[in-house]
Amino acid sequence: MVMLDYKIILASNSPRRRELLAGLGVEFEVRVLPGIDESYPPTLPAAETAEYIARKKAQAYQRVMAADELLITADTVVIVDDEVLGKPANGQEARDMLMKLSGRTHQVITGVCLTCRDKSHHFSVKTDVTFKPLTEEEITYYIENYKPFDKAGAYGIQEWIGYIGCTGLHGSYYNVMGLPVQRIYTELQEFTRRHSLPDCRQ
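Criteria and thresholds
- Residues numbered from 1 in each chain as written.
- Predicted model: local features only at pLDDT ≥ 70, side-chain atom pairs only at ≥ 80, totals over all residues.
- Heavy atoms only, no water.
- Salt bridge = Lys/Arg side-chain N within 4 Å of Asp/Glu carboxyl O.
- Helix = DSSP H or I, 4+ residues; strand = E, 2+ residues; numbered from the N terminus.
- Buried < 20%, exposed > 50% of the residue type's maximum accessible area, 1.4 Å probe, protein only.
- Phe/Tyr/Trp six-rings, centres within 6.5 Å; stacked < 30°, edge-to-face > 60°.
- Axes fitted to C-alpha atoms, helices over the stretch in contact; angles between N-to-C directions.
- Parallel < 35°, antiparallel > 145°, perpendicular 65-115°, else oblique.
- Left-handed = near helix turned anticlockwise from the far one by under 90°.
- Contact = heavy atoms within 4.5 Å.
- Nonpolar A, V, L, I, M, F, W, Y, C, P; charged D, E, K, R; others polar.
- Arc of directions from axis to C-beta.
- Polar contact = N/O pair within 3.5 Å; in protein donor to acceptor, adjacent residues only side chain to side chain.

K.L.:
Help me understand the pattern of salt bridges, please; the structure alone is not making it clear to me.
P.N.:
Pairing is possible between side chains of opposite charge, provided their charged atoms come close. Considering all chains together, one arrives at 13 salt bridges under this definition. R16 is the partner of D150 in a salt bridge, and the nearest nitrogen-oxygen pair spans 3.7 Å. With D150 in the loop between α4 (136-146) and α5 (160-165) and R16 in helix α1 (residues 15-22), the pair connects residues that are 134 residues apart, well separated along the chain. Its relative accessible area of 16% is what places R16 among the buried residues. A salt bridge links E69 to R31, with the shortest nitrogen-to-oxygen separation between them at 2.8 Å. Of this pair, E69 sits in strand β3 (residues 69-80) while R31 sits in the loop between β2 (28-30) and α2 (49-62), and the two are 38 residues apart along the sequence. The exposure class assigned to E69 is buried, which follows from its relative accessible area of 6%. One network of salt bridges, with partners in common, ties together K7, E29, R31 and E69.

Quick look at the structure:
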């Protein structure tokens, strides 16, 4: 995959995002700034939350980027009944989240922002995921053995809970893992066509 002369920067600690981006054949560097504020207005529509946070992350990096760098920031949220489920703080929060998802269809939305020093482009990708009714024993087993405290909605689709619980998925599977790589591939190609390096040095 040819990305002109851009140096791709992935702003994420997530091993899943690193693995997925590497799968595109893209050479990149991981760079993470500490202490980025990921809050959002309480009145913001749930479906816009992930993209809002991805843009907020990008803004924190823009002032320290080199002219030849292209940054990828992303945020993933799980939404059920118009409620945003982020990362659980503890086992009880994880249990509560999984109970809300049990026997239901929910939405996983990943917001992505592609940014060079003076230009940016952002978008969201949504996937509908349906879970069977989960038993107390299944939820307890998953939390105790997989400790899903770093995952939005308290689950990883690629883990045991996805194997036994997911009965339907409409949209991008990789989006549920945390990075909609097919869309990113397309958007990166378009972004680099629209914004050559001289544009980003303005």
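K.L.:
Would you take a moment to explain the packing of aromatic side chains for this structure?
P.N.:
We describe a pair of aromatic rings using the distance from one ring centre to the other and the angle between the two ring planes. By the definition in use, this model includes four aromatic pairs. Relative to Y174, the ring of Y173 lies with its centre 5.6 Å away and its plane at 80°, an arrangement referred to as edge-to-face.

K.L.:
Is there a simple way to think about the packing of helix α3 (residues 91-101) against α4 in this case?
P.N.:
Pairs of packed helices are described in terms of their axes, by the angle between the two and the distance that separates them. Two elements in contact, α3 and α4, have axes separated by 10 Å at closest approach and are oriented at 135°. Considered as vectors, α3 and α4 are oriented oblique to each other. In this structure, α3 meets α4 at a crossing whose hand is right-handed. Contacts between α3 and α4 involve G91, A94, R95, L98 and M99 from the former and E136, I139, T140, Y142 and I143 from the latter. Residues of the contact of α3 with α4, tallied by class, amount to six nonpolar, two polar and two charged.

K.L.:
What is the right way to read α3 from this model?
P.N.:
Count 3.6 residues to each turn of an α-helix, and residues three or four apart come out pointing the same way. Of all the residues in α3, the buried ones are A94, M97, L98 and L101. In a view along the axis of α3, the buried residues occupy a sector of 95°, so they form one face of it. In this structure, the buried residues of α3 make contact with β3, β4 (83-85), β5 (105-115), β6 (120-131) and α4. Near the N-terminus of α3, the side chain that reaches the backbone nitrogen of Q92, with its oxygen 3.2 Å away, is that of N90. G103, located one to two residues past α3, shows a positive phi value of around 70°.

K.L.:
I keep staring at unusual backbone geometry and nothing clicks. Help me out?
P.N.:
Apart from glycine, the bulk of residues carry a negative phi angle, and the bulk of peptide bonds sit in the trans form. In this model, D82 sits at a positive phi of 65°, which is unusual for a non-glycine residue. Looking at the secondary structure, you find D82 in the loop between β3 and β4. Look at D82 and you get exposed, because its relative accessible area is 63%. Despite not being glycine, K147 shows a phi value in the positive range, around 45°. Within the secondary structure layout, K147 lies in the loop between α4 and α5.

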